[in-house]
Amino acid sequence: MINLFLFCRAGYEKDCAAEIQEHAAAHDIGGFVKTNTNDAYVIFQCFQAGDAEILAKKISLDSLIFARQMFAAKALLKGLPEQDRISPIVEALAGIQYAGELRVETPDTNEAKELSNFCRKFTVPLRQALRKSGTLLDKENPKRPIIHVCFVGPGQAYVGLSLSNNSSPYFMGIPRLRVPADAPSRSTLKLDEAFIHFIPKEEHETRLSSGMRAVDLGACPGGWTYQLVRRGMFVAAVDNGAMDEKLMETGQVKHYQADGFRFEPPRKNITWLVCDMIEKPARVAELIEAWAINGWFKEAIFNLKLPMKTRYKEVSTILATMEEILKENGIKDFSIAAKHLYHDRDEVTVHLCLKPT
Ligand SMILES: C[S@@+](CC[C@H](N)C(=O)[O-])C[C@H]1O[C@@H](n2cnc3c(N)ncnc32)[C@H](O)[C@@H]1O
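In this text, all values refer to a predicted model and were calculated from it rather than measured experimentally.

Peer 1: A description of the pattern of salt bridges should follow, citing residues and the corresponding values.
Peer 2: Oppositely charged side chains are able to pair whenever their charged atoms sit close together. Tallying each qualifying case throughout the model produces 16 salt bridges. Between R231 and D192 there is a salt bridge, with its nearest N and O atoms 3.1 Å apart. Of this pair, R231 sits in the loop between α8 (223–230) and β9 (234–238) while D192 sits in helix α6 (residues 188–198), placing them 39 residues apart in sequence. For R231, a relative accessible area of 15% corresponds to the buried category.

Spelled out as structure tokens, the structure:
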């Protein structure tokens with residue numbers, strides 16, 4: 001296949017494009033980017049056929065900040081006839097055997113969403129046809145590759161494949177989360193999504209467990225604290241604002257009306273540091289670095305608010321600096337990962353895990 005198709009948030013195509021170009025170059029794969037502002041997707045067109053599969057395998061989706069999902073795709077199928085859109089798609093996918101799942105998707109834009117009803121209905125007959133041709137297994141299999149058919153306009157679709165161990169488990173790369181009725185703010189979903197994204201499900205019990213201590217910098221009104229309390233943790237919530245009363249009634253939260261940049265935790269047995277303060281990203285990164293060097297937490301999740309331009313460059317520079325500083329200060333074993341999550345707006349979420357040595 002010739003194209004790598006990447007889903008991103010509308011308005012972030014340039015960042016997603018800059019990022020994929022850098023990663024493709026690091027793998028010595030030549031190509032160019034095709035993208036339009038607000039399309040909510042980016043195409044990296046390789047110079048050589050077959051290279052898109054290599055990229056879809058070698059570039060870990062988790063290492064990409066701005067891509068929610070990616071798949072290797074054939075050339076755009078245009079002018080799919082209304083009376084039979086299925087045959088050309090089945091034909092285009094003819095070389096593929098025994099895929100485990102079919103997803104008929106659209107980019108995440110309001111215009112494309114108008115196609116989503118059609119996509120839902122179209123999935124059923126397309127699935128049947130792909131099973132008949134042997135492209136798709138009769139039973140869904142989460143270990144086999146996923147077929148993506150992404151309609152970018154009426155009668156226009158990119159079709160291709162992602163590997164189940166290197167793709168988002170979610171349709172369009174978007175986890176569907178609901179704001180709990182008693183949550184103090186909608187931004188509660190940012191931390192909920194971050195935990196789901198960065199911590200493997202089978203490790204939630206040990207890494208997000210009841211009785212742990214957490215600090216939430218910039219906590220008010222308490223959407224992030226809510227997620228920590230929900231998981232049974234005891235939280236020091238730092239913010240000059242007002243905390244949600246119900247959350248305070250749980251007895252699991254101590255509210256410190258203080259400056260998050262000066263706050264020093266009275267107890268140092270903190271597992272989780274979370275931070276959602278609206279500040280310059282470099283300043284937030286410095287704060288997290290200082291906490292890490294002091295050994296005040298085991299894992300941190302924090303948001304970096306993004307500048308208007310050259311967002312990829314700014315974030316990647318901040319993360320590279322953080323890595324350097326931690327190493328310079330003798331912290332050897334750690335991991336840093338960042339993602340522009342679905343519930344993030346002009347910000348990215350970062351996870352820093354300090355491994356016990
Ligand atoms: C985006 S809101 C946090 C929302 C919160 N995570 C939630 O889910 O409800 C940012 C918060 O950071 C706080 N903040 C900004 N600068 C701060 C500072 N220097 N120290 C403490 N809090 C700060 C603001 O008062 C504000 O409540």
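Peer 1: Talk me through the site of the ligand; I want residue IDs and the actual numbers.
Peer 2: Contacts to the ligand come from 17 residues, most closely from S187, G223, D239, G260 and D276. With respect to the ligand, the backbone of G223 contributes an N or O atom lying 2.8 Å from an oxygen atom. The contact in question runs from an oxygen atom of the ligand to an N or O atom on the side chain of D239, over 2.7 Å. About the coverage of the ligand: the protein hides 76% of its 600 Å² of free accessible area. By residue class, the composition of the shell around the ligand is eight nonpolar, six polar and three charged.

Peer 1: Report on the packing of aromatic side chains, specifying residues and quantitative values.
Peer 2: Scanning all chains against the criterion turns up 14 aromatic pairs. With a centroid separation of 5.9 Å and an interplanar angle of 15°, the aromatic rings of Y12 and F66 are classed as stacked. Of this pair, Y12 sits in the loop between β1 (3–7) and α1 (13–26) while F66 sits in the loop between α2 (51–58) and β4 (69–73), and the two are 54 residues apart along the sequence. Take Y12 and F66: they sit in the same class, and that class is buried. One aromatic cluster in this structure is built from F5, F7, Y41, F71 and Y158. R283 extends its terminal NZ or CZ atom over the ring of F261, reaching a point 3.7 Å from the ring centre. Taking NZ or CZ as reference, R311 lies 3.9 Å from the ring centre of Y12, over its face.

Peer 1: Any details on the domain arrangement of the protein? Residues and values, ideally.
Peer 2: Taken domain by domain, the protein consists of domain 1 (3–173) and domain 2 (188–354). Spacing between the C-alpha centres of domain 1 and domain 2 amounts to 33 Å. Each partner contributes residues to the interface: domain 1 has 17 residues there, and domain 2 has 16 residues. Buried area between domain 1 and domain 2, summed over both chains or domains, comes out near 1400 Å², and the portion from carbon and sulfur atoms is 48%. Ranking the residues of domain 1 by area buried against domain 2 places R9, Y12 and I65 at the top, with a combined share of 43%. Of the charged contacts in the structure, one is a salt bridge between D15 and R311, with a shortest N-O distance of 2.9 Å. Our count for the domain 1 to domain 2 interface comes out at 12 residue pairs in polar contact (both at pLDDT 80 or more). Partitioning the side of domain 1 that touches domain 2 into residue classes produces eight nonpolar, two polar and seven charged.

Peer 1: Outline the pairing of strand β14 (residues 347–354), supporting the account with residue identities and numerical values.
Peer 2: Along β14, eight of the eight residues are buried, which leaves the element largely enclosed by surrounding structure. By the alternation rule, side chains of β14 split into E347, T349, H351 and C353 and V348, V350, L352 and L354, which are all buried. Both strand β12 (residues 299–305) and β14 contribute to a ladder of seven bridges, which runs antiparallel. Across the sheet, residue N303 finds its bridge partner in β14, namely T349.

Peer 1: Give me the sheet that holds strand β10 (residues 253–256): which residues, what numbers.
Peer 2: An order of β10-β9-β8-β11-β12-β14-β13 is seen for the seven strands of this open sheet, with the pairing classed as mixed. Each edge of the sheet is formed by a strand with only one pairing partner; in this case those strands are β10 and β13 (334–339). Across the sheet, the mean angle separating the axes of adjacent strands is 15° when strand polarity is ignored. Strand contacts of helix α10 (residues 281–294): β8 (213–217), β11 (272–275), β12 and β14, with the helix running at about 165° to β12, the strand carrying the most contacts.

Peer 1: Describe the packing of α6 against α8, with residues and values.
Peer 2: Here α6 crosses α8 at 45°, and the two axes come no closer than 6 Å. Viewed along their axes, α6 and α8 adopt a mutual orientation that is oblique. In the packing of α6 onto α8, the handedness of the crossing is right-handed. Facing α6, whose interface residues are T188, K190, L191, D192 and F195, α8 presents G223, W224, Y226, Q227, L228 and R230. Here the residues of the contact of α6 with α8 are counted per class, giving five nonpolar, three polar and three charged.

Peer 1: Go over helix α11 (residues 311–328) with me, naming the residues and quoting the values.
Peer 2: Under the 1.5 Å per step criterion, the end-to-end length of α11 is 26 Å for 18 residues, consistent within 8% with the ideal 26 Å. Listing the buried residues of α11 in full gives R311, Y312, V315, I318, L319, M322 and L326. Along the axis of α11, the buried positions cluster into a sector of 140°, meaning they face one direction only. Residues of α11 that are exposed and point over 90 degrees away from its buried face: K313 and E328.

The rules we used
Residues numbered from 1 in each chain as written. Predicted model: local features only at pLDDT ≥ 70, side-chain atom pairs only at ≥ 80, totals over all residues. Heavy atoms only, no water. Salt bridge = Lys/Arg side-chain N within 4 Å of Asp/Glu carboxyl O. Helix = DSSP H or I, 4+ residues; strand = E, 2+ residues; numbered from the N terminus. Buried < 20%, exposed > 50% of the residue type's maximum accessible area, 1.4 Å probe, protein only. Near = heavy atom within 4 Å. Polar contact = N/O pair within 3.5 Å; in protein donor to acceptor, adjacent residues only side chain to side chain. Areas by Shrake-Rupley, 256 points an atom, 1.4 Å probe, with all protein chains shown as cover. Nonpolar A, V, L, I, M, F, W, Y, C, P; charged D, E, K, R; others polar. Phe/Tyr/Trp six-rings, centres within 6.5 Å; stacked < 30°, edge-to-face > 60°. Lys NZ or Arg CZ within 6 Å of the ring centre and 35° of its normal. Domains from an automatic or database assignment. Contact = heavy atoms within 4.5 Å. Buried area = accessible area lost by both parts, 1.4 Å probe. Pairing = 2+ DSSP bridges. Axes fitted to C-alpha atoms, helices over the stretch in contact; angles between N-to-C directions. Parallel < 35°, antiparallel > 145°, perpendicular 65-115°, else oblique. Left-handed = near helix turned anticlockwise from the far one by under 90°. Expected span 1.5 Å × (residues − 1). Arc of directions from axis to C-beta.

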